[in-house]
Amino acid sequence: MPRPGFVLEVDRSTPSILFWRGENFSLEKLPAGRSRVIYPPEPLEALSDIDGAIRHALANPIDQDPLATQLFPGMKLTIAFDDVSLPLPKMRRPDVRQRVIEAVLDTAAQAGVDDVHIIAALGLHRRMHEYELRHALGDRIYDAFHDRGMLYQHDGEDHDNLSVIGTTDEGEVLEINKRAADSDLIVYVNINSVSMDGGWKSITTGLASYRSLSHHHNPETLENTKSLMGHRHQSALHTSVWRLGKVLRDNGPKIFQIETTLNTDMFPSPFEFINKREWEWTAKDRATFVGTTKSLNHTPIKLARKIFHGIEGPHQMTSVQAGETEAVHKITLEHVHRQQLMEVQGQTDILTMGIPFVSPYNPDGVMNPVLVMCMGLGYLFNMYRNKPLVREGGVVIMTHPCYRDFNPVHHPSYIDFFEQVLTDTTNPAEMSRKWEKQYAEDEWYRHLYRTGNAYHGVHPFYAWYWGAHGLQHAGKVIIVGGDPPTVRRLGFTPATTMDDAFEIASDVVGRSPTITHLHVPALLIADVQ
């Protein structure tokens, strides 16, 4: 039976605690008597018959008729699916998306449906490489659909192939992929790695245009999103998305939503020590850690990056449900919470977190400095519901090398954002007002997004806005081990060691602050009381 999440109160006998540092690790000693470590719940058991569960979900949907009865010859069927921003790390083949889509295609073939398009729901993310599409969908689907032009990736800048569905009472325009809008049925295949995803967010972001996304991907909305992972009434982003979802439901095509959840069994051998509690490390775990870190210390960064991005996680499906979007999503969240939710008592003065090698926006790429900020203040800071782990005005300490390194293929606009925008301002509202339009409408960025493998020109702004609430909430942000000029460019404070960081933090939180370490990357939602 998997153990629930655990909060360790640090005492003098507590061993040093594991911190990620990009493509490496460190062990850090936390002060006894006023520190605690939050360990996520252990991975749940996967479904014993995944393909059988998928078939059952299609035949027994929630608040809808079985999928087979909704299909007919001559109809337009569009299958949309989540891109490779999740799960992290990528899962072993066959991927969940492949298994679900193969079952949908089998059902469609039996119903005589020939007009089937499969669309990667990128939003404004980068186009997936062929090897990524093959990994997510399998060779059989790729070979059968891609060369016939029936498997392709959403283009949020192809204005001839976008369609306006309607407008909310707040003036938010819903504009989505035209093929999807004109379909008799959209089947959306979702992976809910975290609770903020899924529901109406799937189509209203994944198949949307910049025009639509700008209504909720902006500083004002994200500063007022007080809980990305928690209660929807605390999230201005989700409130906007659900308004757009109502427009889609009332005026758009019929939707058959399929949502899946995964366990948190993220790292295979020899990296099992990452998910373990340090005092439970075996002699083999300790030797593996020492050997791994020593090797990585002498490994060129590009090779280390290749090694880590080559990891295929053993995480697997814990639930699958299909049918009406809101009814499905309600059950999905119950499964996410069963895996990730844990109660934590009270807030802390200092929140520490190790930043790993990967985030949703650099699969098979570089964790550049802007993404370090996004991962720390946008994602890990937000792994709570009710209220943040760190008190308002407290200190966030992250560990990461924060090298000034960018992938020019994936992140061209990030390079200019770092050199141009961040030298002018780190304030989300100010950069939105002064710079966003220029990047969003730049023809070269638009060309790279549409024809290459680049994130949209506006994407570094969205990554920065994702951390807007964390920036607003924290009194100081410190990065341990980061390149000092780069850290300062982000508007943060560099520190050489964890002890130096605690000393710097004392100017804000005093000499004897409480400290909480978020033991990542295994996923959790801290229900802070």
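Just so it is clear, the structure is predicted and the values come from calculations on it, not from any experiment.

## Here we look at empty space enclosed by the protein
Part 1 of the argument: Evaluation of the coordinates by the stated rule reveals 2 cavities of 30 Å³ or more.
Part 2 of the argument: Taken as a whole, the second largest cavity holds about 40 Å³ of empty space.
Part 3 of the argument: Looking at the second largest cavity, the residues that line it are Asp83, Val84, Ser85, His125, Arg126, Pro360, Pro363 and Tyr455.
Part 4 of the argument: Taken together, the residues that form the lining of the second largest cavity break down as 4 nonpolar, 2 polar and 2 charged.
Part 5 of the argument: Inspection of the lining of the second largest cavity shows a minimum of three residues originating in each of domain 1 (6–39 + 345–528) and domain 2 (50–161 + 183–206 + 249–262).

## Some remarks on the domain arrangement of the chain
Part 1 of the argument: Taken as a whole, the chain is organised into domain 1 (6–39 + 345–528) and domain 2 (50–161 + 183–206 + 249–262).
Part 2 of the argument: Centre-to-centre separation of domain 1 and domain 2, based on C-alpha positions: 32 Å.
Part 3 of the argument: Counting residues at the interface gives 25 residues for domain 1 and 21 residues for domain 2.
Part 4 of the argument: With both sides pooled, the region where domain 1 packs onto domain 2 buries about 1900 Å², and carbon together with sulfur makes up 58% of that total.
Part 5 of the argument: At the junction of domain 1 with domain 2, the criterion picks out 3 salt bridges.
Part 6 of the argument: The closest approach of N and O atoms between Asp158 and Arg450, which form a salt bridge, is 3.8 Å.
Part 7 of the argument: At the boundary of domain 1 with domain 2, the tally comes to 11 residue pairs in polar contact (both at pLDDT 80 or more).
Part 8 of the argument: Those elements that provide at least two residues to the side of domain 1 that touches domain 2 are helix H16 (443–451) and helix H17 (459–466).

## Some points on the nonpolar core
Part 1 of the argument: Phe417, Met431, Phe461, Trp466 and Phe492 are the most contacted members of the largest nonpolar core, which has 86 residues in total.
Part 2 of the argument: Ranked by the residues each element gives to this core, the list is headed by helix H13 (residues 369–380), at 9 residues.
Part 3 of the argument: For Phe492, the residues in contact, after removing those within four places along its chain, are Met373, Leu377, Met398, Leu471, Val477, Ile479 and Val487.
Part 4 of the argument: Counting residues in each nonpolar core, the second largest holds 45 residues, with Ile50, Ile101, Val104 and Ile141 among its members.

## Thoughts on the pairing of strand E2 (residues 17–22)
Part 1 of the argument: By the criterion of burial, E2 is predominantly enclosed, with 6 of the 6 residues buried.
Part 2 of the argument: The turn linking E2 back onto strand E3 (residues 25–28) is made up of 2 residues.
Part 3 of the argument: Pairing analysis gives 2 bridges linking E2 to strand E14 (residues 348–356), with the strands arranged parallel. Looking at E14, one finds that Gly22 is bridged to Pro356.

## Here we look at helix H12 (residues 325–340)
Note on helix geometry: an α-helix contains 3.6 residues per turn, so any two residues three or four positions apart are oriented the same way.
Part 1 of the argument: For H12, which comprises 16 residues, the first-to-last C-alpha distance of 22 Å matches the rise-based estimate of 22 Å (1.5 Å per residue) to within 8%.
Part 2 of the argument: Among the residues making up H12, those that are buried are Thr325, Ala327, Val328, His329, Thr332, Leu333, Val336, Gln339 and Gln340.
Part 3 of the argument: Contact partners of the buried residues in H12: strand E10 (185–192), helix H9 (236–251), strand E11 (254–262), strand E12 (317–323), strand E13 (341–344) and strand E20 (525–528).
Part 4 of the argument: Its side-chain oxygen placed 3.2 Å from the backbone nitrogen of Glu326, Glu324 serves as the N-cap of H12.

## Some words on the sheet that holds strand E6 (residues 115–121)
Part 1 of the argument: Strand order in the open sheet made by the 6 strands is E7-E6-E5-E10-E11-E12, with mixed pairing throughout. Strands at the two margins of the open sheet, each flanked by one partner only, are strand E7 (151–153) and E12. Taken over all neighbouring pairs, the strand axes of this sheet differ in orientation by 20° on average, direction set aside.
Part 2 of the argument: Relative to E12, E11 runs antiparallel, the two sharing 6 bridges.

## As for the pattern of salt bridges
Part 1 of the argument: Under the counting rule described, the total for this entry stands at 33 salt bridges.
Part 2 of the argument: Asp51 is paired through a salt bridge with Arg99; the nearest N and O atoms lie 3.1 Å apart. Of this pair, Asp51 sits in helix H1 (residues 50–59) while Arg99 sits in helix H2 (residues 96–110); the two residues are 48 residues apart in sequence, bridging distant segments of the chain.
Part 3 of the argument: On the basis of relative accessibility, which here comes to 32%, the residue Asp51 falls in the partly exposed class.
Part 4 of the argument: Salt-bridge contacts for Glu175 lead to Arg211; the nearest nitrogen and oxygen are separated by 3.7 Å. Remark: Arg211 occurs in helix H7 (residues 210–213) and Glu175 occurs in strand E9 (residues 173–177); sequence separation between them is 36 residues.
Part 5 of the argument: Residue Arg211 is classed as partly exposed on the basis of its relative accessible area of 43%.

## Looking at the packing of aromatic side chains
The geometry of an aromatic ring pair comes down to the distance between the two centres and the angle between the two planes.
Part 1 of the argument: For the structure shown, the criterion picks out 24 aromatic pairs.
Part 2 of the argument: Here Phe25 and Phe273 contribute two aromatic rings whose centre-to-centre distance is 5.5 Å and whose plane-to-plane angle is 70°, an arrangement assigned as edge-to-face. Of this pair, Phe25 sits in strand E3 while Phe273 sits in the loop between E11 and helix H10 (283–297); the two residues are 248 residues apart in sequence, bridging distant segments of the chain. Across the pair, exposure class does not vary: Phe25 and Phe273 are buried alike.
Part 3 of the argument: Centroid distance Phe417 to Trp464: 6.1 Å. Interplanar angle 55°. Geometry classified as tilted. Of this pair, Phe417 sits in helix H14 (residues 412–421) while Trp464 sits in helix H17; the two residues are 47 residues apart in sequence, bridging distant segments of the chain.
Part 4 of the argument: For Phe417, a relative accessible area of 0% gives the class buried.
Part 5 of the argument: An aromatic cluster of at least three residues, connected via ring pairs, comprises Trp20, Phe25, Phe267, Phe271, Phe273, Trp281, Phe289, Phe308 and Phe357.
Part 6 of the argument: Stacked on the ring of Phe145, the Lys or Arg Arg148 has its end atom at 5.5 Å from the ring centre.

Quick notes on the rules
- Residues numbered from 1 in each chain as written.
- Predicted model: local features only at pLDDT ≥ 70, side-chain atom pairs only at ≥ 80, totals over all residues.
- Heavy atoms only, no water.
- 1 Å grid on protein atoms, 1.4 Å probe; cavity = no way out; pocket = protein on both sides within 12 Å on 5 of 7 lines; lining within 4 Å.
- Points joined across faces, edges and corners; volume = space filled by probe spheres on them.
- Nonpolar A, V, L, I, M, F, W, Y, C, P; charged D, E, K, R; others polar.
- Domains from an automatic or database assignment.
- Contact = heavy atoms within 4.5 Å.
- Buried area = accessible area lost by both parts, 1.4 Å probe.
- Salt bridge = Lys/Arg side-chain N within 4 Å of Asp/Glu carboxyl O.
- Polar contact = N/O pair within 3.5 Å; in protein donor to acceptor, adjacent residues only side chain to side chain.
- Helix = DSSP H or I, 4+ residues; strand = E, 2+ residues; numbered from the N terminus.
- Core = buried A, V, L, I, M, F, W, Y, C linked by side-chain atoms within 4.5 Å.
- Buried < 20%, exposed > 50% of the residue type's maximum accessible area, 1.4 Å probe, protein only.
- Pairing = 2+ DSSP bridges.
- Expected span 1.5 Å × (residues − 1).
- Axes fitted to C-alpha atoms, helices over the stretch in contact; angles between N-to-C directions.
- Phe/Tyr/Trp six-rings, centres within 6.5 Å; stacked < 30°, edge-to-face > 60°.
- Lys NZ or Arg CZ within 6 Å of the ring centre and 35° of its normal.

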